[in-house]
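# Overview (structure and organization)
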Amino acid sequence: MISNFYKLILKILRIRYGNKLTLHGFPLIFNKRGANLTIGDNVIINSSFLSNLVGLYSRTIIVTRTPQAVIKVGNNVGISGATIYSRKAIYIGDNTLIGGNCKILDNDFHPIEIEARNKLMTSYQVTEEDDLIPSKEIHIGKNCFIGCNSIILKGTVLGDGCVVGAGAVVSGHFEENSIIVGNPGRVIKKIK
Ligand SMILES: CC(C)(COP(=O)(O)OP(=O)(O)OC[C@H]1O[C@@H](n2cnc3c(N)ncnc32)[C@H](O)[C@@H]1OP(=O)(O)O)[C@@H](O)C(=O)NCCC(=O)NCCS
């Protein structure tokens, strides 16, 4: 019942979702006007502490922050207490599992350059932000398994079937079926 009410809110926020969206707890989903946020069929989103027994530190947060931003979550995807925050584009392929407390950030939130960073802190200008905050698309393939507490940074491309180890910090392009661990995330082996 509450879940149905929540789904109504998603519709009001112009978030498109497929059949059988399962919500355990309430994710925080924010869709900027003009942005494109799509969730596929059979998606499970865990957002309460014990909805995944790894223990979630926060609700799932899914945000499109600019009118151009895109988030596309494929079919049969599981998301547990993750943050998925897009200024540009984040694509998550079918059958991919996103482990507890994972962060997927296609941008740096703040400019790298000091003057620009200080300027944005004092005068908030959305159009300027768009130019100054480094942002690059993230592509996560199908059948990937992203370990708990990992961080996927801007510009990352994970081929189909990649596994990201618990606690990894991942940036760059990785071939399909790679197992990536550590900080900085490196391939330790390939799945046959
Ligand atoms: C990445 C992972 C799948 C690798 O499993 P595996 O293929 O069985 O690998 P192994 O345990 O044989 O470890 C291989 C090597 O990688 C290292 N390693 C494994 N996982 C690691 C990780 N997350 N971070 C750093 N190093 C790691 C091991 O220490 C080992 O190093 P060595 O060869 O020097 O001894 C697994 O360790 C992992 O992190 N699973 C994610 C668990 C998780 O988060 N589940 C979701 C909860 S919501």
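Before reading further, recall that the structure is shown in the block above.
Let me begin by describing the structure that accompanies this report. (Residues numbered from 1 in each chain as written. Predicted model: local features only at pLDDT ≥ 70, side-chain atom pairs only at ≥ 80, totals over all residues. Heavy atoms only, no water.)

The parallel open sheet is built from 7 strands, whose spatial order is β1-β4-β7-β10-β13-β16-β19. Unpaired on one side and paired on the other, β1 (16–17) and β19 (173–174) mark the two borders of the sheet. Sheet topology note: the strand β13 (residues 138–140)/strand β16 (residues 157–158) ladder contains 2 bridges and is parallel. Looking at β16, one finds that His139 is bridged to Val157. (Pairing = 2+ DSSP bridges. Helix = DSSP H or I, 4+ residues; strand = E, 2+ residues; numbered from the N terminus.)

The immediate surroundings of the ligand are formed by 15 residues, with Gly100, Gly147, Cys148, Ala166 and Lys189 found nearest. Cys148 places a main-chain nitrogen or oxygen 2.7 Å from an oxygen atom of the ligand. With respect to the ligand, the side chain of Lys189 contributes an N or O atom lying 3.0 Å from an oxygen atom. Across the complex, the protein chains shield 45% of the 920 Å² of accessible surface that the ligand would expose by itself. The set of elements that each furnish at least two residues to the shell around the ligand consists of β20 (178–181) and β21 (186–190). Grouping the amino acids of the shell around the ligand by side-chain chemistry returns 8 nonpolar, 6 polar and 1 charged. (Near = heavy atom within 4 Å. Polar contact = N/O pair within 3.5 Å; in protein donor to acceptor, adjacent residues only side chain to side chain. Areas by Shrake-Rupley, 256 points an atom, 1.4 Å probe, with all protein chains shown as cover. Nonpolar A, V, L, I, M, F, W, Y, C, P; charged D, E, K, R; others polar.)

All quantities given are derived from atomic positions and should not be read as evidence of function.
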